[in-house]
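A closer look at the structure
Residue-level listing of the chains:
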Amino acid sequence: MRRFVGIAAAALTAAPLAATAQVTTLKLVSAFPENSFYVTRLQTWIDSVNTEGKGLLQINFIGGPKAIPTFEVGNAVRTGVVDMAMSTGAYYTNVFPESDALKLTRMPVAEQRRNGAFDYINKIWNEKGNMVYLARIVEYQPFHLYLNKKIDKPDLTGLKIRVTPVYRDFFSALGATVMQTPPGEVYTALERGVVDGYGWPIGGIFDLNWQERTKFRVDPGFYDAEVSLIANQDAWKKLTPAQREFLNRQARSLENRNDYWKIYAQQEDERQAKVGIQVIRLEGAQAKQYVDTAYEAAWGGIIKVSPQYGPKMRELFSKK
Ligand code: 173
């Protein structure tokens, strides 16, 4: 009798369980412009997720900054207005300031997954952003300062430079006047001469035609551009274990292809040379001072706004 009741109860609950095991569609936005290479590459990934995820999980790409403005994407993910985003931490410091520290990692994401950095990132992202940090999908892309006025030492006094939080502390430390814009407003700022230069990684300046308005690139680069997939934590928790496993596996598969960005960096460097962008190469002690200032200014800023998590992030993100 007991056994019979058990089976009957199981049979009763099995039906609603089966009924809920349906496809979930997640809304995804990009904080980068629709016509950027980051988005092109993401769309290829989304297509393959949707093919492989038939009957289980689908991703609906809503769009870029025209759908949700670049600096609002983080809040949209936090509140669940969208389920997922491709963004960089610098674009959502308005959600929690530690987000901008991901540019400061000195080892590949594969290593971050081994040394505890990745778990620590997720702890902060869960707690302060109501977000799940799924995968880092851009690496090996140092940032550079691009200029229309020549400099011969690491001193930006008198220059107005377009920034995001990525570059703010560093360029300010070098004496620049800084002005924040999303990528979509860089071209116009250059065209109108509102800025004398801008920060951007080694790759991507051609996507929005900035090469037309760029005379110099300062070397060396600094930091490592971070672009990642993040998800709303409630949406994540609502997924079934099978859906979570699938999404994780898909995100990891894209992350595992990050070596591609090494080739892209090389190609973009050559492409810039071809269109006549001149390299201002800081050498020796000046180069060292430049890069050291970049890291010191940025960590100083992070630790100041996050005495709670900053120091541990610095420890986990630095090479041993
Ligand atoms: O807009 C930016 O310059 C920026 O912060 C960024 C971050 C990561 C990749 C590309 C750009």
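Data block above holds the structure.
Everything numeric in this text was worked out from a predicted model, so none of it was measured.

**Considerations on the pairing of strand β10 (residues 227-232)**
Taking burial as the measure, the six residues of β10 include six buried ones, the bulk of the element. Burial along β10 is two-sided: Val227, Leu229 and Ala231 facing one way and Ser228, Ile230 and Asn232 facing the other are all buried. Inspection of the sheet shows strand β3 (residues 84-87) paired to β10 by four bridges, in the antiparallel sense. Its bridge partner being in β10, alanine 85 is matched across the sheet by isoleucine 230. Two elements, strand β4 (residues 131-138) and β10, share six bridges in a ladder whose sense is antiparallel.

**Side note on the sheet that holds β3**
One open sheet accounts for five strands, arranged β2-β1-β3-β10-β4; its pairing is mixed. Across the chains shown, the open sheet's two edge strands, defined by having one partner strand only, are β2 (57-63) and β4. Neighbour-to-neighbour, the strand axes of this sheet turn through a mean angle of 25°, independent of strand direction. Set on the sheet, helix α9 (residues 241-255) makes contact with β1 (24-30), β2, β3, β4 and β10; between it and β4 the angle comes to about 25°.

**What to know about the packing of aromatic side chains**
Taken as a whole and assessed by the stated rule, the structure comprises 33 aromatic pairs. The interplanar angle of 85° and the centroid separation of 5.0 Å between the aromatic rings of phenylalanine 222 and tyrosine 223 together place this pair among those described as edge-to-face. Taken as a pair, phenylalanine 222 and tyrosine 223 share a single burial class, namely buried. Ring centres 6.1 Å apart and planes at 50° place the aromatic pair tryptophan 299 and phenylalanine 317 in the tilted group. With tryptophan 299 in helix α11 (residues 284-305) and phenylalanine 317 in helix α12 (residues 310-317), the pair connects residues that are 18 residues apart, well separated along the chain. On the accessibility criterion, phenylalanine 317 (0% relative accessible area) is buried. Directly above the ring of tyrosine 140 sits lysine 262, whose terminal nitrogen or CZ lies 4.5 Å from the centroid. Above the ring of phenylalanine 206, the side-chain terminus of arginine 271 is found at 4.0 Å from the ring centroid.

**With respect to the nonpolar core**
Formed by 103 residues in total, the largest nonpolar core has its most connected members in Trp125, Phe171, Tyr223 and Leu247. Looking at this core element by element, the count peaks at eight residues for α11. If we ignore the near neighbours within four places in the chain, the residues touching leucine 247 are Leu26, Trp45, Leu57, Ile59, Met84, Leu134, Trp236 and Leu239.

**A word on unusual backbone geometry**
Residues other than glycine predominantly adopt negative phi, and peptide bonds predominantly adopt the trans conformation. In this structure, the amide linkage connecting aspartate 219 to the following residue, proline 220, adopts the cis form with an omega of 5°. Its location among the elements puts proline 220 in strand β9 (residues 216-222). One non-glycine residue, asparagine 130, lies in positive phi territory at about 50°. Positioned with a positive phi, tyrosine 140 is a non-glycine residue whose angle comes to about 55°. Position of tyrosine 140 relative to the elements: it lies in the loop between β4 and β5 (143-147). Owing to a relative accessible area of 25%, tyrosine 140 belongs among the partly exposed residues under this scheme.

**Overview of the site of the ligand**
Lining the immediate environment of the ligand, one finds 15 residues, of which Tyr91, Arg162, Thr164, Tyr167 and Trp200 sit closest. Tyrosine 91 is positioned such that a nitrogen or oxygen atom in its side chain is 2.6 Å from an oxygen atom of the ligand. Within the side chain of tyrosine 167, a nitrogen or oxygen atom sits 2.5 Å from an oxygen atom of the ligand. Looking at the shell around the ligand, the elements that each hand over two or more residues are α6 (165-173) and β8 (197-201). No other element matches β8, which puts three residues into the shell around the ligand. Across the shell around the ligand, the residue classes tally to 10 nonpolar, three polar and two charged.

**Here we look at the pattern of salt bridges**
Overall, the coordinates contain 17 salt bridges when judged by the stated rule. Residues lysine 123 and glutamate 127 are paired through a salt bridge, measuring 3.6 Å at the closest nitrogen-oxygen approach. Of this pair, lysine 123 and glutamate 127 are both found in helix α5 (residues 117-129), four residues apart, which corresponds to roughly one turn of the helix. By relative accessible area, which is 39% here, lysine 123 ends up partly exposed.

**Some thoughts on the pairing of β9**
Taken across its seven residues, β9 has five buried, putting it largely inside the fold. One ladder, built from four bridges, connects β5 with β9; its direction is antiparallel. Looking across to β9, one finds that leucine 145 is bridged to valine 218. Alignment of β9 against strand β11 (residues 278-281), held across four bridges, turns out to be parallel. Bridge pairing in β11 places valine 218 opposite isoleucine 280.

How each quantity is defined
Residues numbered from 1 in each chain as written. Predicted model: local features only at pLDDT ≥ 70, side-chain atom pairs only at ≥ 80, totals over all residues. Heavy atoms only, no water. Buried < 20%, exposed > 50% of the residue type's maximum accessible area, 1.4 Å probe, protein only. Helix = DSSP H or I, 4+ residues; strand = E, 2+ residues; numbered from the N terminus. Pairing = 2+ DSSP bridges. Axes fitted to C-alpha atoms, helices over the stretch in contact; angles between N-to-C directions. Contact = heavy atoms within 4.5 Å. Phe/Tyr/Trp six-rings, centres within 6.5 Å; stacked < 30°, edge-to-face > 60°. Lys NZ or Arg CZ within 6 Å of the ring centre and 35° of its normal. Core = buried A, V, L, I, M, F, W, Y, C linked by side-chain atoms within 4.5 Å. Near = heavy atom within 4 Å. Polar contact = N/O pair within 3.5 Å; in protein donor to acceptor, adjacent residues only side chain to side chain. Nonpolar A, V, L, I, M, F, W, Y, C, P; charged D, E, K, R; others polar. Salt bridge = Lys/Arg side-chain N within 4 Å of Asp/Glu carboxyl O.

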